[in-house]
Amino acid sequence: MNDKIKAAPELITDTIDLMDNPGSRSRTRPIFRRPAAVAAAIVLCLVLATPALAANMPAIYEMMYMVSPAIAQYFVPVQEFCEDNGIRMEVVSTYIHDDTAQVYVIMQDITGDRIDADTDLFDSYSLHIPFDSMSHCEQVGFDEKTRTAKFLITISTMNGKDIAINGGKVTFSVREFLSSKVSEENIPIALELTAIGEANNLYTLGTGYNNNTYTYVGGSFIDGKSSDSYTVLIPGKAVYSLGKGMDITGIGYVDGQLHIQAMTYDKMTFDTHGDFQLVDANGSKVQYNSVCFADGMGTDNRIDYQEFIFDVSQERIGSYKLFGNYYSNGINTKGNWKVTFPLINSSEK
């Protein structure tokens, strides 16, 4: 047995104790008080001698990562490109400086035309990093000729120390991406605003997890203040369509404010969303509060609602016109793309 394998149990024990008490390295605490960590450590010991097993079994890898990110990443082989579903993903360069690493990754459609200038990873990407860090990813370029999108991954250490000292390998994975973006703005909404009256079918939306019918998702508020509950319209039949997947399902006055409710039924697939604007004769726009909630949360039949609340009275509404903005995507491509690369400087490929 080599030295690295012999040393592993010592390192595992230290990691478990740090999880319980980050300020202590004591090994005197009873083992039976940490069954989950102990089970993970046992699995880790079993796979230390078989790195290929750990690298190719996601469940084992994730358990290793829970116990010690540094050890988990140590056993993942470097693989700077991969292909799945006709899409190639590849690391083309890394630039290490001070406490930050900048990594350029490209995605290319080698069988079709699903990559474009608006390709969006749709928050489906993940980064496995062997030290505490902050990171984000953004598209920074597109090559029309090769249909290749370039993404910049930025990683910074939490403690501000030189990232080269932490070192190790990083794994970047993507589950899906969106393309063929659709944007329609300033759409005139052909509804007679002066005919809108008081809303009768109302629902008290709680922000806790015990809400019976609808699940509160979030909101945007002019004054930055939130509440424990909100009064919203009960969703009804569509009265106006802004585009595929987005309809107005309610409009009316509640406590002197105009509520406009939009339903999106494929938000989780195509990121369909939008908003509304009340504009006066001078082109001034009224700010709004908004509340988001969902029906069928956690299911394949989830429907999302966003209610826009304008502080404009019925007496003044005749001075405004209503416009809408609509955004969606035409293609959702799923796959399993994963690359692992060392945090060292490299030249552009």
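Residues numbered from 1 in each chain as written. Predicted model: local features only at pLDDT ≥ 70, side-chain atom pairs only at ≥ 80, totals over all residues. Heavy atoms only, no water.

**Re the packing of aromatic side chains**
No. 1: Under the criterion given, the structure shown has eleven aromatic pairs.
No. 2: Plain terms: the ring middles of Phe177 and Trp337 are 5.7 Å apart, the flat faces sit at 45° to each other, and that makes the pair tilted. Note that Phe177 is positioned in strand β7 (residues 169–188) and Trp337 in strand β17 (residues 320–342), a separation of 160 residues in sequence. For the pair formed by Phe177 and Trp337, the shared burial category is buried.
No. 3: On the numbers, 6.1 Å between centres and 80° between planes, the contact of Tyr214 with Tyr305 is edge-to-face. Of this pair, Tyr214 sits in the loop between β8 (202–206) and β9 (215–220) while Tyr305 sits in strand β16 (residues 303–310); the two residues are 91 residues apart in sequence, bridging distant segments of the chain.
No. 4: Owing to a relative accessible area of 10%, Tyr214 belongs among the buried residues under this scheme.
No. 5: Under the relative-accessibility criterion, Tyr305 is labelled buried at 8%.
No. 6: These aromatic residues form a ring-pair network of at least three members: Tyr203, Tyr214, Phe293 and Tyr305. (Phe/Tyr/Trp six-rings, centres within 6.5 Å; stacked < 30°, edge-to-face > 60°. Helix = DSSP H or I, 4+ residues; strand = E, 2+ residues; numbered from the N terminus. Buried < 20%, exposed > 50% of the residue type's maximum accessible area, 1.4 Å probe, protein only.)

**Things to note about the confidence of the model for the protein**
No. 1: This prediction gives the protein a mean pLDDT of 83; 76% of its residues lie at or above 70.
No. 2: Taken together, the stretch residues 1–38 has pLDDT below 50 and engages in 36 contacts with residues farther than four places along the chain or on a different chain. (pLDDT = per-residue confidence, 0-100. Contact = heavy atoms within 4.5 Å.)

**Quick word on the nonpolar core**
No. 1: Core analysis: the biggest nonpolar cluster contains 28 residues, and Met89, Met107 and Phe172 have the highest contact counts within it.
No. 2: Leaving out residues up to four positions away in the same chain, Met89 has contacts with Glu80, Phe81, Cys82, Val105, Ile106, Met107, Phe172, Val174, Trp337, Lys338 and Val339.
No. 3: Of all hydrophobic cores here, the second largest spans 21 residues; its members include Leu193, Met246, Ala262 and Leu322. (Core = buried A, V, L, I, M, F, W, Y, C linked by side-chain atoms within 4.5 Å.)

**Quick word on the environment of Ser156**
No. 1: Mapped onto the fold, Ser156 is located in strand β6 (residues 148–157).
No. 2: Remark: the alpha-carbon pair of Ser156 and His97, spanning 59 residues in sequence, is separated by 9.8 Å.
No. 3: Those residues in contact with Ser156 that lie beyond four places of it in its chain are Asp99, Thr100, Asp132, Ser133 and Met134.
No. 4: A distance of 3.2 Å separates the side chain of Ser156 from the side chain of Thr100, its partner in a polar contact. (Polar contact = N/O pair within 3.5 Å; in protein donor to acceptor, adjacent residues only side chain to side chain.)

**Here's the deal with the sheet that holds strand β1 (residues 81–84)**
No. 1: In space, the five strands of this open sheet follow the order β1-β2-β3-β6-β5, with antiparallel pairing throughout. Strands with a single pairing partner mark the edges of an open sheet, and in this sheet they are β1 and β5 (133–143). Strand-to-strand twist across the sheet, computed as the mean angle between neighbouring axes with direction ignored, equals 20°.
No. 2: One ladder, built from ten bridges, connects β5 with β6; its direction is antiparallel. By the bridge assignment, Ser135 is partnered in β6 with Ile155. (Pairing = 2+ DSSP bridges. Axes fitted to C-alpha atoms, helices over the stretch in contact; angles between N-to-C directions.)

**Comments concerning the side chain of Thr157**
No. 1: With respect to the helices and strands, the residue Thr157 is situated in strand β6.
No. 2: Judged by relative accessible area, which is 3%, Thr157 ranks as buried.
No. 3: A polar side-chain atom of Thr157 sits 3.5 Å from a polar atom in the side chain of Asn159.
No. 4: Looking at Thr157, its side chain comes within polar contact range of the main-chain oxygen of Lys161, at 2.9 Å.

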